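Residues per chain, in single letters:
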Amino acid sequence: MGIYVRPYEAKDYDRVRLICIATSDIRVRNETKRAFLLKMYCDYYIEAEPKNCFVAVDKDEESGDEKVVGYILCAADCESYAKNFIKNYIPKIKETGRLNSFSARSQVFLYSRYAAFFPAHLHIDVLPDYQRLGIGSMLTDTLLEHLRGMKVKGVMLVVGKKNVKGCSFYRKYGFSEVGRVGPGIVFGMDL
Ligand SMILES: CC(C)(COP(=O)(O)OP(=O)(O)OC[C@H]1O[C@@H](n2cnc3c(N)ncnc32)[C@H](O)[C@@H]1OP(=O)(O)O)[C@@H](O)C(=O)NCCC(=O)NCCS
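Computed from a prediction, not measured in an experiment: that's the story for all the values here.

Conventions we followed
Residues numbered from 1 in each chain as written. Predicted model: local features only at pLDDT ≥ 70, side-chain atom pairs only at ≥ 80, totals over all residues. Heavy atoms only, no water. Helix = DSSP H or I, 4+ residues; strand = E, 2+ residues; numbered from the N terminus. Buried < 20%, exposed > 50% of the residue type's maximum accessible area, 1.4 Å probe, protein only. Contact = heavy atoms within 4.5 Å. Areas by Shrake-Rupley, 256 points an atom, 1.4 Å probe, with all protein chains shown as cover. Lys, Arg positive; Asp, Glu negative; His and termini not counted. Charge placed at Lys NZ, Arg CZ, Asp CG, Glu CD. Near = heavy atom within 4 Å. Polar contact = N/O pair within 3.5 Å; in protein donor to acceptor, adjacent residues only side chain to side chain. 1 Å grid on protein atoms, 1.4 Å probe; cavity = no way out; pocket = protein on both sides within 12 Å on 5 of 7 lines; lining within 4 Å. Sits in = over half its atoms within 2 Å of the grid points.

(A) Spotlight on the overall build of the chain. Looking only at helices and strands, the chain features seven helices and seven strands. With the principal axes as the frame, the chain shows a C-alpha extent of 50 × 40 × 30 Å. In the chain, which comprises 191 residues, the share counted as buried stands at 46%. The contacts of the chain with a sequence gap of at least 6 include a subset with a gap of at least 24, amounting to 69%. Summing over all exposed atoms, the chain offers an accessible surface of approximately 10,300 Å²; the carbon and sulfur share of this is 52%. Measuring between centres, the 29 positive side-chain charges of the chain sit 10 Å from its 23 negative side-chain charges.

Below you can see the structure in the form of structure tokens.
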């Protein structure tokens, strides 16, 4: 197994969406739920900000075959994210249910509340068979270096309190808890 991280490319679209669903802690019982998760946590980033997304690739040394096994997706500037997400993604989320569109609006509101300190936010997922091999750290190193190069001053994320892997990963990596909201913890890092 030879793992490396590279910028997201258009050819990764389906695979990244598949990983988003495969790693979700929310049960995907039907197509509506699937559509909601993708619109909420994945599509905006790879469609609107592909340059701020990176993938981890497992390359088979013998065959040369490559497969994407994880990703880190990022919105680098909260203001542009909020404008685009509200205009183009929330209407699609609304089609999956009114409550979902409420969650999406709350998410935008939450990111906006912290944007003065942390203009960027991220989502990271690694397939179960590839977890705890240092891939999450490699992806985060790459994104943070990229954001520093763009002079972004801080990055945040929200993780469920009950997500033991996620919380332990962010703490170990060096993120600080900056707030709590309902069932979630907000972590942030100055860059
Ligand atoms: C969170 C996640 C991205 C971490 O990626 P990773 O490649 O496993 O992370 P790394 O190998 O670089 O870092 C490992 C550290 O993460 C934490 N961690 C990872 N898996 C863990 C587990 N099963 N239990 C507890 N801590 C865990 C530990 O702090 C670990 O350090 P250690 O191995 O020295 O104890 C990955 O576990 C994942 O995709 N989880 C499912 C989806 C998810 O929760 N995403 C984040 C949502 S906000």
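(B) Summary view of the site of the ligand. In the neighbourhood of the ligand, 20 residues make up the surrounding shell, with Arg-132, Ser-137, Asn-163, Ser-168 and Lys-172 lying closest. Contacts to the ligand include Leu-133, whose backbone N or O atom sits 3.2 Å from an oxygen atom. For the ligand, an oxygen atom lies 2.7 Å from a polar atom in the backbone of Gly-134. Protein burial of the ligand: of its 920 Å² of free accessible surface, 79% is covered by the chains. Put simply, the ligand lies in the largest pocket.

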